[in-house]
Amino acid sequence: MAIVLGPNQYGKAENRVVRITRDSARHEIRDLNVSTALRGDFSAAHLVGDQSQVLPTDTQKQTAYSYAKEKGVESIEAYGLELARHFVDDVVPVEGARIEIEEYAWEHAIVDGEEHEHTFVRLGQEVRTASITVEGKGAEQKTWVIGGLKDLVLLKSTGSEFHGFLTDEYTRLEPTTDRVMATALVAQWRFTETELDWNAVYAGVKRILIKQFAVLHSLALQQTLYEMGKAVLEEYPFIAEIKFSAPNKHHFLYNLETFGVENNNEVFHADDRPYGLIQATVMRDDAPDAGPAWTPAANLA
Ligand SMILES: O=c1[nH]c(=O)c2[nH]c(=O)[nH]c2[nH]1
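About the thresholds
- Residues numbered from 1 in each chain as written.
- Predicted model: local features only at pLDDT ≥ 70, side-chain atom pairs only at ≥ 80, totals over all residues.
- Heavy atoms only, no water.
- UniProt positions renumbered as here; feature names shortened; annotations may be inferred.
- Phe/Tyr/Trp six-rings, centres within 6.5 Å; stacked < 30°, edge-to-face > 60°.
- Buried < 20%, exposed > 50% of the residue type's maximum accessible area, 1.4 Å probe, protein only.
- Near = heavy atom within 4 Å.
- Polar contact = N/O pair within 3.5 Å; in protein donor to acceptor, adjacent residues only side chain to side chain.
- Areas by Shrake-Rupley, 256 points an atom, 1.4 Å probe, with all protein chains shown as cover.
- Nonpolar A, V, L, I, M, F, W, Y, C, P; charged D, E, K, R; others polar.
- Pairing = 2+ DSSP bridges.
- Helix = DSSP H or I, 4+ residues; strand = E, 2+ residues; numbered from the N terminus.
- Axes fitted to C-alpha atoms, helices over the stretch in contact; angles between N-to-C directions.
- Contact = heavy atoms within 4.5 Å.
- Parallel < 35°, antiparallel > 145°, perpendicular 65-115°, else oblique.
- Left-handed = near helix turned anticlockwise from the far one by under 90°.
- Salt bridge = Lys/Arg side-chain N within 4 Å of Asp/Glu carboxyl O.
- Domains from an automatic or database assignment.
- Buried area = accessible area lost by both parts, 1.4 Å probe.

You'll find the protein entered in an unreviewed UniProt entry as Uricase, with Agreia bicolorata given as the organism. The Pathway (unreviewed entry) field of the UniProt record for the protein holds the comment "Purine metabolism; urate degradation; (S)-allantoin from urate: step 1/3." The heading Sequence similarities (unreviewed entry) in the UniProt record of the protein holds the text "Belongs to the uricase family."

The following block contains the structure:
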């Protein structure tokens, strides 16, 4: 028996990079949370404390901020690709890089009915996400891009049913043909191309997700997720698969009978936990291999 070093990676997590574009009086803002991770043979650092192959996490941080100036942040996907390719192409021991980015959206404040040029209001809606993985040098290099969002909170006050389910001696749930359906959606979609109008695609995917949630008369959250994914894949040939994680944010009809009042699906208790957690992937049956695209931490915990 020998003890050996297993999978490892290292980087700077959660760099809060804020990039202001101020080429004119009207400023723009991109507000990011950027995590870098480098992969390669870093066994000497672990086994004997030899740092000669280690590009410090501090340098990774400096690069993230410098690239926000040098390359700009047109989209989180494009910026992440620049960073990942730089680490793999330009730093000799680095064989792979993983860049994870979250973006918090801001909009220009409305002052006296007009957009103020340099004052912003943080949008309380979803967080945009991207994960970029680059592996290998030169002609062998492979790239995986995942776009996504999290915390897209959606609710429909009718148009959702849940009945006909399997029952056993523990079943107490009443079937319903009219319920509130709500979720805080996490969705991640895997691209098969690396040259795209990332911002336009993001806006399009989000629009489709919301539309399907709204228009599908839902018999289960599972069905809603499937139809959302299907619509995205039908619209965008360069998306191979989309993964969802959707808490079923239960809204229980509040009992007003003690007041002699009928509750016609008007007053609910919004229960925060426990929640159903529905997770599904919708994919093309000929989707190319995902490789390490979905693996944030190189087989680490
Ligand atoms: O949309 C739903 N899917 C379920 O699997 C489920 N289970 C449950 O109790 N309520 C719901 N709702």
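There is more to say after this.
Draft legend 1. Examining the packing of aromatic side chains more closely. Counting across every chain of the model gives six aromatic pairs. Look at Phe191 and Trp198: their rings are 4.8 Å apart centre to centre, the planes differ by 80°, and that puts the pair in the edge-to-face class. Residue Phe191 is classed as buried on the basis of its relative accessible area of 5%. A relative accessible area of 5% places Trp198 in the buried class. Measuring from ring centre to ring centre gives 5.5 Å for Tyr236 and Phe238, while their planes differ by 40°; the resulting arrangement is tilted. Like Phe238, Tyr236 is buried. In this structure an aromatic cluster arises from ring pairing among Phe191, Trp198, Tyr236 and Phe238.

Draft legend 2. Fine view of the site of the ligand. Taken together, Phe162, Leu173, Arg179, Ala220, Leu221, Gln222 and Asn248 are the residues near the ligand. A distance of 2.7 Å separates an oxygen atom of the ligand from a polar atom in the backbone of Leu221. Residue Asn248 places a side-chain N or O atom 3.2 Å away from a nitrogen atom belonging to the ligand. When the free accessible area of the ligand is taken as 290 Å², the share hidden by the protein chains comes to 72%. The class makeup of the residues in the shell around the ligand is four nonpolar, two polar and one charged.

Draft legend 3. Seen up close, the sheet that holds strand E6 (residues 127-135). Spatial strand order, E1-E2-E3-E6-E7-E8-E9-E12: eight strands in an open sheet with antiparallel pairing. Edge positions in the sheet fall to strand E1 (15-21) and strand E12 (276-283), since each of these pairs with one other strand and no more. Sheet twist, expressed as the average angle between the axes of neighbouring strands with direction ignored, equals 20°. Note that E6 and strand E7 (residues 142-156) share nine bridges and pair antiparallel. Bridge pairing in E7 places Ala130 opposite Gly147. Strand contacts of helix H4 (residues 198-215): strand E2 (28-40), E6, E7, strand E8 (181-191) and strand E9 (239-248), with the helix running at about 40° to E7, the strand carrying the most contacts.

Draft legend 4. A look at the packing of helix H2 (residues 57-70) against helix H3 (residues 76-90). Running from N to C, H2 and H3 point in directions that differ by 135°, and their axes come no closer than 11 Å. As far as their axial angle goes, H3 and H2 are oblique. Between H2 and H3 lies a crossing whose hand is right-handed. Facing H2, whose interface residues are Gln60, Thr63, Ala64, Tyr67 and Ala68, H3 presents Tyr79, Glu82, Leu83, His86 and Phe87. The class makeup of the residues in the contact of H2 with H3 is six nonpolar, three polar and one charged.

Draft legend 5. Local environment of the pattern of salt bridges. By the definition in use, this model includes 13 salt bridges. In this structure, Arg26 and Glu28 form a salt bridge, with 3.0 Å as the shortest nitrogen-oxygen distance. Among the residues examined, Glu28 registers a relative accessible area of 35% and is labelled partly exposed. Ionic pairing is found between Lys230 and Glu227, a salt bridge with its closest N-O pair at 3.8 Å.

Draft legend 6. Molecular detail of the domain arrangement of the protein. As far as domains go, the protein holds domain 1 (9-140) and domain 2 (149-292). At the junction of the two partners, domain 1 supplies 18 residues and domain 2 supplies 11 residues. For the pair domain 1 and domain 2, the summed buried area comes to about 1300 Å², and 46% of that belongs to carbon and sulfur atoms. Per-residue buried area on domain 1 facing domain 2 is highest for Glu77, Glu126 and Arg128; these three make up 37% of the total on that side. Summed over the shared surface of domain 1 and domain 2, the number is two salt bridges. Between Glu126 and Lys206 there is a salt bridge, with the nearest N and O atoms lying 3.1 Å from each other. Our count for the domain 1 to domain 2 interface comes out at nine residue pairs in polar contact (both at pLDDT 80 or more). Among the elements of the structure, E2, H3, strand E3 (94-104) and E6 are those that each provide at least two residues to the side of domain 1 that touches domain 2. Counting residues per element, the side of domain 1 that touches domain 2 draws most heavily on E6, which supplies six residues. Counted by class, the side of domain 1 that touches domain 2 contains three nonpolar, five polar and 10 charged residues.

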